[in-house]
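Letter by letter, the chains look like this.
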Amino acid sequence: MVNFSCNADGYDSLDPNGNITIKWDIMQANGGTEDVRVSIINYQLFRHIQYPGWKLSWSWRGDEVIWSILGAEATEQGNCSAFRGGQLPHCCEKKPVIIDLLPGATYNKQVANCCKGGVLSSMIQDPGKYVSAFQVNVGSSDTKSSGPGIPVNFTLGLPGYTCGQPFEVPPTKFTEDQGRRRTQALATWNVTCSYSQFRASAAPTCCVSFSAFYNDTIIPCQECSCACQAGAKCVKPGDLPPVLQLQHNEPPKPVVQCSNHMCPIRVHWHVKQSYKEYWRVKITVTNLNHVKNYSQWNLVVLHPNLQSVTQVFSFNYKPLNQYGNTNDTGVFYGIQFYNEMLLQAGENGNVQTEMLLHKDPGIFSFREGWAFPKKIYFNGEHCVLPQPQDYPRLPNAAQFYGPAASCTILSLLLLLVTIMS
């Protein structure tokens, strides 16, 4: 199996400032209880949170309870036996687990930016859907308590994410009356959560294969890119997967088609054609996982010629400029209602596009593997590329340029004979 160490410490050079921030805004203090607005903001450019979504948890410092909640709900009420003779709190757990309400929740349970089933878009793909929010009324079972405290040990319930401890920041400001009035929270704490692919998975989940019009050899994914086929459970091409019993609200374990690389996702980059001033690339993303569709998928590509993209035919495309004038990285993603869903393995389990790029004078070349990408991510996960020595090579000079050179020599000989005669 191929080893990888990218993003092991939560830092990603293609999204250096990316994180998920949990914002704890104290909106009102009511003598022993507080109204708190909790926001989960995905500040990542291309990583999004898919279904079943986030499961926010924390630890109370004291005897705090959640009296009521809007826009979300606790998975367990817990032991509320300390409260008698009236309405019980919504949750008495020391470590509550909060989940987002599903779309279509009743209006009396909604707040702004709630009810998306825990799904968060990335900032590039859908800037209007990268925030989730809910509101809680927090109190204490201790009647002598001066008021609730700020909880600690936040987690998102998502593989690969690690959260720090809360730190106080300037109070959040809100606008009202179409921006003519501004209000602010009484106090605000932030929690920063970072992603590490190494923590999310011990092995890669994606690989890349290459081909080119000038070479008949197709360079497949590296063997054992994600796992080795020997001894692994997989579905042979043409066979149907076994009957599966999937757990409710839990992401299913991959059931992958048998291959030399055993990756759920394969990306193929084909250098298709060369024109006088342009060249054309075909990109195909194939889902080899029989139990998962990928909604709002995206592909991040690092290639020096992306600064001169002329046209992308079947995907949306946005440049990812993180370092001044350096424009060598872009995000590809599906077109709404057309190919934004990458279906599970099978006849329709792929999406593809072609891309036209201008040949930049001074840097463009088909030699030494220059026409192939330096990095590819699928849904924020680093894909394993072939080894550089395996890239499709140009034919040797005598073979590749032989006909043209022969014609030139023949023309010169004819010209020389004409002059001498």
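Each value, and the rule that gives it
- Residues numbered from 1 in each chain as written.
- Predicted model: local features only at pLDDT ≥ 70, side-chain atom pairs only at ≥ 80, totals over all residues.
- Heavy atoms only, no water.
- Helix = DSSP H or I, 4+ residues; strand = E, 2+ residues; numbered from the N terminus.
- Buried < 20%, exposed > 50% of the residue type's maximum accessible area, 1.4 Å probe, protein only.
- Contact = heavy atoms within 4.5 Å.
- Areas by Shrake-Rupley, 256 points an atom, 1.4 Å probe, with all protein chains shown as cover.
- Disulfide = S-S within 2.5 Å.
- Core = buried A, V, L, I, M, F, W, Y, C linked by side-chain atoms within 4.5 Å.
- Pairing = 2+ DSSP bridges.
- Axes fitted to C-alpha atoms, helices over the stretch in contact; angles between N-to-C directions.
- UniProt positions renumbered as here; feature names shortened; annotations may be inferred.
- Salt bridge = Lys/Arg side-chain N within 4 Å of Asp/Glu carboxyl O.
- Phe/Tyr/Trp six-rings, centres within 6.5 Å; stacked < 30°, edge-to-face > 60°.

## What about the overall build of the chain?
The secondary structure content of the chain amounts to two helices and 26 strands. Looking at the 421 residues of the chain, the share that counts as buried comes to 47%. Taking the intrachain contacts of the chain between residues at least 6 apart in sequence as the baseline, contacts between residues at least 24 apart amount to 72%. Accessible surface computed for the chain: about 22,100 Å², of which carbon and sulfur atoms make up 52%.

## Thoughts on the state of the cysteines
Counted by the stated rule, this structure contains eight disulfides. A disulfide bridge connects Cys80 with Cys92, and the sulfur atoms are separated by 2.0 Å. Handedness here is read from the sign of the S-S torsion; for Cys80 and Cys92, about 110 degrees, the answer is right-handed. Here Cys92 lies in the loop between β5 (72–74) and β6 (97–100) and Cys80 lies in the loop between β5 and β6, a separation of twelve residues in the sequence. On the basis of relative accessible area, Cys80 is assigned to the buried category, the value being 6%. There is a disulfide in this structure between Cys206 and Cys383, and the S-S distance comes to 2.0 Å. In this structure the cystine formed by Cys206 and Cys383 twists about its S-S bond by roughly 85 degrees; its chirality is therefore right-handed. Taken together, the residues Cys206 in strand β14 (residues 206–212) and Cys383 in the loop between β26 (381–382) and α2 (397–420) connect sequence positions 177 residues apart. Residue Cys206 shares its accessibility class with Cys383, and that shared class is buried. Cys91 takes part in no disulfide bond, and the closest cysteine sulfur to it belongs to Cys92, at a distance of 6.6 Å.

## Thoughts on the nonpolar core
Residues Val267, Trp269, Val271, Leu299, Phe332, Met355 and Phe378 are the most contacted members of the largest nonpolar core, which totals 36 residues. Not counting residues within four places of it along the chain, the set of residues in contact with Val271 comprises Ser211, Ala212, Phe213, Tyr214, Trp279, Arg280, Phe366, Ala371 and Phe372. One finds Ile66, Ala72, Leu120 and Val136 within the second-largest nonpolar core, a separate group that totals 33 residues.

## Re the environment of Arg393
Within the element layout of this structure, Arg393 appears in the loop between β26 and α2. Looking at Arg393, the relative accessible area reads 36%, which means it is partly exposed. Among residues more than four places away in sequence, those in contact with Arg393 are Tyr214, Asn215, Glu368, Gly369 and Pro388.

## Quick look at the sheet that holds β6
The strand order across the open sheet built from four strands is β5-β6-β3-β8, with neighbouring strands paired in antiparallel fashion. The sheet is open, and its two edges are formed by β5 and β8 (152–155), each paired on a single side. Strand-to-strand twist across the sheet, computed as the mean angle between neighbouring axes with direction ignored, equals 20 degrees. In this structure, strand β3 (residues 55–59) lies alongside β8, joined through two bridges in antiparallel fashion. The partner of Ser57 across the bridge, within β8, is Thr155.

## Overview of the UniProt feature "domain: COBRA C-terminal" (unreviewed entry) in the chain
Sites flagged by UniProt as "domain: COBRA C-terminal" (unreviewed entry) map to residues 205–235 and 245–390. Helix makes up 0% of residues 205–235 and strand makes up 39%, while its end C-alpha atoms are separated by 17 Å.

## Description of the pattern of salt bridges
Here the structure, examined in full by the defined rule, presents seven salt bridges. Where Asp126 meets Lys129, a salt bridge forms, and the shortest distance between an N and an O atom there is 3.9 Å. Judged by its relative accessible area of 22%, Asp126 falls in the partly exposed class. As a salt-bridge pair, Lys272 and Glu354 come within 2.4 Å of each other at their nearest N and O atoms. One end of the pair, Lys272, is in strand β16 (residues 265–274); the other, Glu354, is in strand β24 (residues 350–358), and 82 residues separate them in sequence. Residue Lys272 is classed as partly exposed on the basis of its relative accessible area, which comes to 33%. Note on Glu354: relative accessible area 17%, which makes it buried. Each of Lys272, Arg280 and Glu354 takes part in salt bridges that share partners, so that together they form one network.

## Details of the packing of aromatic side chains
Across all of its chains, the model carries 23 aromatic pairs by this definition. Between the aromatic rings of Phe213 and Phe366, the centroid separation amounts to 5.6 Å while the plane-to-plane angle is 80 degrees, which identifies the pairing as edge-to-face. Linking Phe213 in the loop between β14 and β15 (215–219) with Phe366 in the loop between β24 and β25 (375–378), this pair joins segments that are 153 residues apart in sequence. A relative accessible area of 37% places Phe213 in the partly exposed class.

## Section: unusual backbone geometry
With an omega of 15 degrees, the peptide bond between Tyr51 and Pro52 qualifies as cis. Relative to the helices and strands, Pro52 is located in the loop between β2 (34–42) and β3. Here Asn153, not a glycine, exhibits a phi torsion of approximately 55 degrees, which is positive. With respect to the element layout, Asn153 can be found in strand β8. You will see that Glu368, though not glycine, has its phi angle at about 55 degrees, which is positive. Examined against the element boundaries, Glu368 turns out to sit in the loop between β24 and β25. Classification of Glu368 as exposed rests on a relative accessible area of 70%.

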